[in-house]
Amino acid sequence: MTETVRRHIAALAPDALPAYVYDLAALRAHAAAVRAALPERVELYYAAKANPEAPVLAALRDAVDGYEVSSGGELAHVRAAVPDAPLAFGGPGKTPAEIAAAVDAGVHRWHVESEQELHRLDAVLTDRPGTVVDVLLRVNLPVATGALDAVALAMGGRPTPFGLDPDRAEECVRLLTGDGSDPGPLGRRLRLRGVHAHLASGLTAVEQLAVAEQIVTWSAALAERHGFPLAEVNVGGGMAVDYDDPASRFDWTAFGEGLTKLLDAHPGLTLRIEPGRALTAYCGWYATEVLDVKQSHGEDFAVVRGGTHHLRTPATRGHSQPFEVLPVDAWPHPWPRPAVGTGRATLAGQLCTPKDVLARAASGADGLRAADRVLFAMAGAYAWNISHHEFLMHPRPGFHYLGS
Ligand SMILES: Cc1ncc(COP(=O)(O)O)c(C=O)c1O
């Protein structure tokens, strides 16, 4: 955390808490370093679902080639926030209205997830003579690595609603490319450019490279079998973020070097990646204050303003959100100041559910007192936007964008 962020949070009045504070200067620097680690033939898209706040999208604009959106809502929002940016449109279950809106918005790439979706897209295009769209088939590949077994958010390599099984992908290629010389029945308006596969979130650079290599090898064989030129492969997002050890970061340098080797083996191919969490997690802070400290059956609990209705990430992933304490020395009340006395405390929110826990039995809470501030780190991705804001009708947090 920079001194600017710390000072900003220290200066907020208690009623201005909780607050999400984003360090956009740090975000820009991080995204530029990620971009610099990647070879030129890798396009970097940002998965907007990780954090679609407009200032966050805008701060990324110089470093990314485009944005991945997964609904009509995201499409309209991202288009308004960064009007000139190329968009890739993915997601299972696209409605006919979303498909029509995305065609009219001129999305750059379609990640088609089923055979029916190809037909739906083609049907929308028949009403728009002359419009041709670029398609990647999203494939659910069985990858031969233990990597996907260990991660919590595997979306491929097992039965899921995402993408096409490899045999269905073969059929889609036939619909798009016919026999290789003649376009297939859907090949006049839909141009097949390659393959998309987002198989899991939470992979290290070594695991990501193993997965990417298998996706590219499979895609090249598919193109060879059907005689179409493989122009692009999108190997997805899912670069690991370690909430237990915020200092340990995804190794973008090793990843970039590995992708260079992969590209050397496939001249003419463009690779694309679409990380979300690993780009924005580190730039966001959820700042709050301790309302009360109490002992319950021998354990300390610090109850903070706000909770998992603002920052659901620790509840959904089952981790303790990392945090820093900002001590506040003033205690203007005549009664004793409650404080943690057992050396550790569970940081709970204001909700009436035992699941409202931001950090469990944390030693970093030793000595924590009522009115001290707690700054939860790594709150820049899948944080506010995945939380259940309306539960119990507490006020919304403030939003602060520093370094814009
Ligand atoms: C298709 C797709 N691409 C990219 C991402 C981004 O993943 P992450 O935020 O783990 O990088 C997701 C996340 O669910 C996704 O579903």
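On a predicted model such as this, the values are computed, not experimentally measured, just so you know. (Residues numbered from 1 in each chain as written. Predicted model: local features only at pLDDT ≥ 70, side-chain atom pairs only at ≥ 80, totals over all residues. Heavy atoms only, no water.)

1. Notes on the overall build of the protein
Turning to step 1, where the next piece is worked out: From N to C terminus, the protein includes 12 helices and 18 strands.
Turning to step 2, where the next piece is worked out: Over its C-alpha atoms the protein spans a radius of gyration of 24 Å, differing by no more than 12% from the 22 Å that the globule rule assigns to 404 residues.
Turning to step 3, where the next piece is worked out: For the protein, with 404 residues in total, the buried portion stands at 53%.
Turning to step 4, where the next piece is worked out: For the protein, restricting intrachain contacts to residue pairs at least 6 apart in sequence, the fraction spanning at least 24 positions comes to 72%.
Turning to step 5, where the next piece is worked out: Put simply, the protein shows about 16,900 Å² of open surface, and 54% of that area lies on carbon and sulfur atoms.
Turning to step 6, where the next piece is worked out: On the protein, the mean spot of the 36 positive side-chain charges and the mean spot of the 47 negative ones are 2 Å from each other. (Helix = DSSP H or I, 4+ residues; strand = E, 2+ residues; numbered from the N terminus. Rg over C-alpha atoms; globule rule 2.2 N^0.38 Å. Buried < 20%, exposed > 50% of the residue type's maximum accessible area, 1.4 Å probe, protein only. Contact = heavy atoms within 4.5 Å. Areas by Shrake-Rupley, 256 points an atom, 1.4 Å probe, with all protein chains shown as cover. Lys, Arg positive; Asp, Glu negative; His and termini not counted. Charge placed at Lys NZ, Arg CZ, Asp CG, Glu CD.)

2. Some details on the packing of helix 8 (residues 166–177) against helix 9 (residues 205–226)
Turning to step 1, where the next piece is worked out: The contact between helix 8 and helix 9 brings their axes to 11 Å, and the two run at 45°. As summarised for this structure, helix 8 and helix 9 are arranged oblique, according to the angle between their axes. Seen from above, helix 8 lies across helix 9 with right-handed handedness. Contact residues: Pro166, Ala169, Glu170, Val173, Arg174 and Thr177 in helix 8; Trp218, Leu222, Arg225 and His226 in helix 9.
Turning to step 2, where the next piece is worked out: A breakdown of the residues in the contact of helix 8 with helix 9 according to their chemical character gives 5 nonpolar, 2 polar and 3 charged. (Axes fitted to C-alpha atoms, helices over the stretch in contact; angles between N-to-C directions. Parallel < 35°, antiparallel > 145°, perpendicular 65-115°, else oblique. Left-handed = near helix turned anticlockwise from the far one by under 90°. Nonpolar A, V, L, I, M, F, W, Y, C, P; charged D, E, K, R; others polar.)

3. Notes on the layout of surface pockets
Turning to step 1, where the next piece is worked out: Each pocket or cavity is described by its volume, and for the second largest pocket that value is around 290 Å³.
Turning to step 2, where the next piece is worked out: For the second largest pocket, the lining is made up of 16 residues, of which Met1, Arg249, Tyr282, Cys283 and Trp285 are closest to its centre.
Turning to step 3, where the next piece is worked out: When contributions to the lining of the second largest pocket are tallied by element, the ones reaching two or more residues are helix 2 (24–37) and strand 14 (323–326).
Turning to step 4, where the next piece is worked out: At 3 residues, the largest contribution of residues to the lining of the second largest pocket is made by helix 2.
Turning to step 5, where the next piece is worked out: For the lining of the second largest pocket, the residue count by class is 11 nonpolar, 2 polar and 3 charged. (1 Å grid on protein atoms, 1.4 Å probe; cavity = no way out; pocket = protein on both sides within 12 Å on 5 of 7 lines; lining within 4 Å. Points joined across faces, edges and corners; volume = space filled by probe spheres on them.)

4. Section: helix 5 (residues 96–105)
Turning to step 1, where the next piece is worked out: Where helix 5 is concerned, the buried positions are Glu98, Ile99, Ala100, Ala102 and Val103.
Turning to step 2, where the next piece is worked out: Buried residues in helix 5 make contact with helix 4 (72–81), strand 4 (87–89), strand 5 (109–112) and helix 6 (115–126).
Turning to step 3, where the next piece is worked out: A positive backbone phi angle near 70° is found at Gly106, which sits one or two residues after helix 5.

5. Points about the domain arrangement of the protein
Turning to step 1, where the next piece is worked out: Parsing the protein into structural domains produces domain 1 (86–275) and domain 2 (282–402).
Turning to step 2, where the next piece is worked out: Distance between the C-alpha centres of domain 1 and domain 2: 39 Å.
Turning to step 3, where the next piece is worked out: Approximately 720 Å² of surface area, both sides summed, lies buried where domain 1 meets domain 2, with 64% of it carried by carbon and sulfur atoms.
Turning to step 4, where the next piece is worked out: Where domain 1 touches domain 2, the interface holds 0 salt bridges.
Turning to step 5, where the next piece is worked out: For the pair domain 1 and domain 2, the interface holds 0 residue pairs in polar contact (both at pLDDT 80 or more). (Domains from an automatic or database assignment. Buried area = accessible area lost by both parts, 1.4 Å probe. Salt bridge = Lys/Arg side-chain N within 4 Å of Asp/Glu carboxyl O. Polar contact = N/O pair within 3.5 Å; in protein donor to acceptor, adjacent residues only side chain to side chain.)

6. Considerations on the pairing of strand 13 (residues 299–304)
Turning to step 1, where the next piece is worked out: Of the two faces of strand 13, the one holding Asp300, Ala302 and Val304 is buried and the one holding Glu299, Phe301 and Val303 is not buried anywhere.
Turning to step 2, where the next piece is worked out: When strand 12 (residues 284–296) meets strand 13, the two strands line up antiparallel, connected through 6 bridges. Along strand 13, the bridge assignment pairs Val293 with Ala302.
Turning to step 3, where the next piece is worked out: Examined bridge by bridge, strand 13 and strand 15 (residues 345–348) share 4 bridges and lie parallel to one another. Across the sheet, residue Ala302 finds its bridge partner in strand 15, namely Leu347. (Pairing = 2+ DSSP bridges.)

7. Description of the site of the ligand
Turning to step 1, where the next piece is worked out: Every one of the 14 residues lining the ligand counts as a neighbour, but Ser201, Gly238, Glu274, Arg277 and Tyr382 are closest to it.
Turning to step 2, where the next piece is worked out: Gly238 is positioned such that a nitrogen or oxygen atom in its backbone is 2.8 Å from an oxygen atom of the ligand.
Turning to step 3, where the next piece is worked out: Residue Gly276 places a main-chain N or O atom 2.9 Å away from an oxygen atom belonging to the ligand.
Turning to step 4, where the next piece is worked out: Contact with the protein chains removes 92% of the 390 Å² of surface that the ligand exposes when unbound.
Turning to step 5, where the next piece is worked out: Looking at the shell around the ligand residue by residue, the class counts come to 4 nonpolar, 5 polar and 5 charged. (Near = heavy atom within 4 Å.)

8. Digging into the sheet that holds strand 11 (residues 270–273)
Turning to step 1, where the next piece is worked out: The parallel closed barrel is built from 8 strands, whose spatial order is 2-3-4-5-6-8-10-11. Between one strand axis and the next, the sheet turns through 30° on average, direction left out of account.
Turning to step 2, where the next piece is worked out: When strand 4 meets strand 5, the two strands line up parallel, connected through 2 bridges. Considered in strand 5, the bridge of Phe89 is made with Trp110.
Turning to step 3, where the next piece is worked out: Against the sheet, helix 8 touches strand 6 (133–138) and strand 8 (190–196), its axis set at about 165° to strand 6.

9. Points about the nonpolar core
Turning to step 1, where the next piece is worked out: One finds Tyr67, Trp110, Leu121, Val135, Leu137, Phe255 and Leu271 to be the most contacted residues of the largest nonpolar core, which totals 122 residues.
Turning to step 2, where the next piece is worked out: With 9 residues, the single largest contributor to this core is helix 9.
Turning to step 3, where the next piece is worked out: Shared between two domains, this core holds at least three residues of each, these being domain 1 (86–275) and domain 2 (282–402).
Turning to step 4, where the next piece is worked out: Once residues within four sequence positions are removed from consideration, Val135 is found in contact with Trp110, Val112, Leu118, Leu121, Leu176, Leu190, Arg191, Leu192, Arg193 and Gly194. (Core = buried A, V, L, I, M, F, W, Y, C linked by side-chain atoms within 4.5 Å.)

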